[in-house]
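Descriptive analysis of the structure
Residue strings, one per chain:
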Amino acid sequence: MNQLLLLQAIAFATQKHRTQRRKDGKTPYINHPVHVALILADIGGVEDAEVLAAAALHDTVEDTDTTFEEIEAHFGAGVRSLVEEVTDDNTLSPQAQKQYQVDHASDLSRGAALIRIADKTSNVTDLYEAPAKNWTVERRQKYLVWAETMVNECNPVNRALEDNFWAIAEKAREQLGMRSNKVA
Ligand code: ZN
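Quantities reported herein were computed from a predicted structural model and do not represent experimental measurements.

Some thoughts on the overall build of the chain
The helix and strand inventory of the chain stands at 10 helices and 0 strands. Counting helices and strands in the order they occur from the N terminus, the chain gives α-α-α-α-α-α-α-α-α-α. A globule of 184 residues ought to have a C-alpha radius of gyration of about 16 Å, and the chain, at 16 Å, matches this closely. Taken along the three principal axes of its C-alpha coordinates, the chain extends 50 × 35 × 30 Å. When burial is assessed residue by residue, the chain has 49% of its 184 residues classed as buried. For the chain, the proportion of contacts with a sequence separation of at least 24, taken over those separated by at least 6, is 67%. Per element, the accessible surface of the chain, about 9,600 Å² overall, is 49% carbon and sulfur. When the 20 basic and 28 acidic side-chain charges of the chain are each reduced to a single mean position, those positions are 8 Å apart.

Some details on the layout of surface pockets
Approximately 920 Å³ is the volume attributed to the largest pocket. Lining the largest pocket are 35 residues, with Lys23, Lys98, Asn123, Trp135 and Tyr143 positioned closest to its centre. Looking at which element gives the most residues to the lining of the largest pocket, the answer is helix H8 (residues 110–129), with 7 residues. For the lining of the largest pocket, the residue count by class is 12 nonpolar, 8 polar and 15 charged. Considering the residues around the second largest pocket, the lining is formed by 15 residues, among which Glu85, Thr87, Tyr100, His104 and Arg116 are closest to the centre. At the level of secondary structure, the elements contributing two or more residues to the lining of the second largest pocket comprise helix H6 (77–85) and helix H7 (94–103). The greatest single-element share of the lining of the second largest pocket, amounting to 3 residues, is contributed by H7. The residue makeup of the lining of the second largest pocket, split by class, is 5 nonpolar, 4 polar and 6 charged.

Here we look at helix H1 (residues 3–16)
Its 14 residues give H1 an end-to-end C-alpha distance of 20 Å, which sits within 8% of 20 Å, the value for a rise of 1.5 Å per residue. Restricting attention to buried positions, one finds in H1 the residues Leu5, Leu6, Ala9, Phe12, Ala13 and Lys16. Along the axis of H1, the buried residues cluster in a sector spanning 125°; they form a single face. Exposed positions of H1 whose direction lies more than 90 degrees from the buried face are Leu4 and Leu7. Against the buried residues of H1 lie helix H3 (49–57), helix H4 (60–63), helix H5 (68–75) and H6. One side-chain oxygen of the residue at the start of H1 lies 3.3 Å from the amide nitrogen of Leu4, identifying that residue as Asn2.

Observations concerning the packing of aromatic side chains
Scanning the entire structure with this criterion turns up 4 aromatic pairs. With centroids separated by 5.8 Å and ring planes inclined at 50°, the aromatic side chains of Trp135 and Tyr143 adopt a geometry described as tilted. Pairwise contacts between aromatic rings join Trp135, Tyr143 and Trp146 into one cluster. Over the face of the ring belonging to Trp146 we find Lys98, whose NZ or CZ atom lies 4.9 Å from the ring centre.

Concerning the coordination of the zinc ion
All of the protein donors around the zinc ion are His32 (NE2), His58 (NE2), Asp59 (OD) and Asp119 (OD); their distances to the metal are 2.1 to 2.5 Å. Here the zinc ion is ringed by 4 donor atoms whose angles at the metal span 82 to 171°, and the overall shape comes out irregular.

Some details on the packing of H7 against helix H9 (residues 137–153)
Relative to each other, H7 and H9 sit at 30°, their axes nearing to 8 Å. In terms of orientation, H7 lies roughly parallel with respect to H9. Of H9, the residues touching H7 (which contributes Lys98, Gln101 and Val102) are Tyr143, Trp146, Thr149, Met150 and Glu153.

Considering the packing of helix H2 (residues 31–42) against H8
For the pair H2 and H8, the least separation of the axes is 9 Å and the interaxial angle reads 120°. The orientation of H2 with respect to H8, classified from their angle, is oblique. As for the relative orientation of H2 and H8, their crossing is right-handed in sense. Mapping the contact onto sequence places His32, His35, Val36, Ile39 and Leu40 in H2 and Leu114, Ile115, Ala118, Asp119, Thr121, Ser122, Asn123 and Thr125 in H8. Grouping the amino acids of the contact of H2 with H8 by side-chain chemistry returns 6 nonpolar, 6 polar and 1 charged.

Things to note about the nonpolar core
Counting 56 residues, the largest nonpolar core has Leu40, Leu57, Val79 and Val124 as its most contacted members. Among the elements of the structure, H1, H2, H3, H5, H6, H8, H9 and helix H10 (159–175) are those that each provide at least two residues to this core. Of the residues forming this core, the biggest block, 9 residues, is contributed by H8.

Scoring rules and cut-offs
Residues numbered from 1 in each chain as written. Predicted model: local features only at pLDDT ≥ 70, side-chain atom pairs only at ≥ 80, totals over all residues. Heavy atoms only, no water. Helix = DSSP H or I, 4+ residues; strand = E, 2+ residues; numbered from the N terminus. Rg over C-alpha atoms; globule rule 2.2 N^0.38 Å. Buried < 20%, exposed > 50% of the residue type's maximum accessible area, 1.4 Å probe, protein only. Contact = heavy atoms within 4.5 Å. Areas by Shrake-Rupley, 256 points an atom, 1.4 Å probe, with all protein chains shown as cover. Lys, Arg positive; Asp, Glu negative; His and termini not counted. Charge placed at Lys NZ, Arg CZ, Asp CG, Glu CD. 1 Å grid on protein atoms, 1.4 Å probe; cavity = no way out; pocket = protein on both sides within 12 Å on 5 of 7 lines; lining within 4 Å. Points joined across faces, edges and corners; volume = space filled by probe spheres on them. Nonpolar A, V, L, I, M, F, W, Y, C, P; charged D, E, K, R; others polar. Expected span 1.5 Å × (residues − 1). Arc of directions from axis to C-beta. Polar contact = N/O pair within 3.5 Å; in protein donor to acceptor, adjacent residues only side chain to side chain. Phe/Tyr/Trp six-rings, centres within 6.5 Å; stacked < 30°, edge-to-face > 60°. Lys NZ or Arg CZ within 6 Å of the ring centre and 35° of its normal. Donors = N, O, S within 2.8 Å, 3.2 Å for Na, K, Ca; no water. Tetrahedral: all angles 85-135°; square planar, octahedral: opposite > 155°, others 65-115°. Axes fitted to C-alpha atoms, helices over the stretch in contact; angles between N-to-C directions. Parallel < 35°, antiparallel > 145°, perpendicular 65-115°, else oblique. Left-handed = near helix turned anticlockwise from the far one by under 90°. Core = buried A, V, L, I, M, F, W, Y, C linked by side-chain atoms within 4.5 Å.

Structure, rendered in structure tokens:
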């Protein structure tokens, strides 16, 4: 594996997100993209350096001043294309962005689907470990249902990663007082 590419991506994302915090208002933002890359490598057994680098970079264009051209210049066209696939169109409303993600989940390349599932795994973990400061339980429940729909719409790409997502979602359901997904 090209470790240098991954380390450079982590360094780049750390710099770009340096002033940002997660929605809980405390956690440094960079913890999230690093968590996403870690989930892919550790749980999913992913060894493709471009996928792991793109995971580390996946929120830089959406949430910082980073451009796709910049990503391509530093990390190549493959990483750029993965980041592009998982970046929301900021001209759409948040609701339309969510709908778009669901509608186009099955069009994602294998690498982008891996990143998407790991991203949702990290965010669903945060629903109970580091909840957003001003989110009500209802809003967290809604997010969880949407994340589940999203993962259901992705093509199956990695059994271990998908099983892990559903285990985390189950735990989130329990914590949020929701019905289990498991059929009795
Ligand atoms: Zn993310």
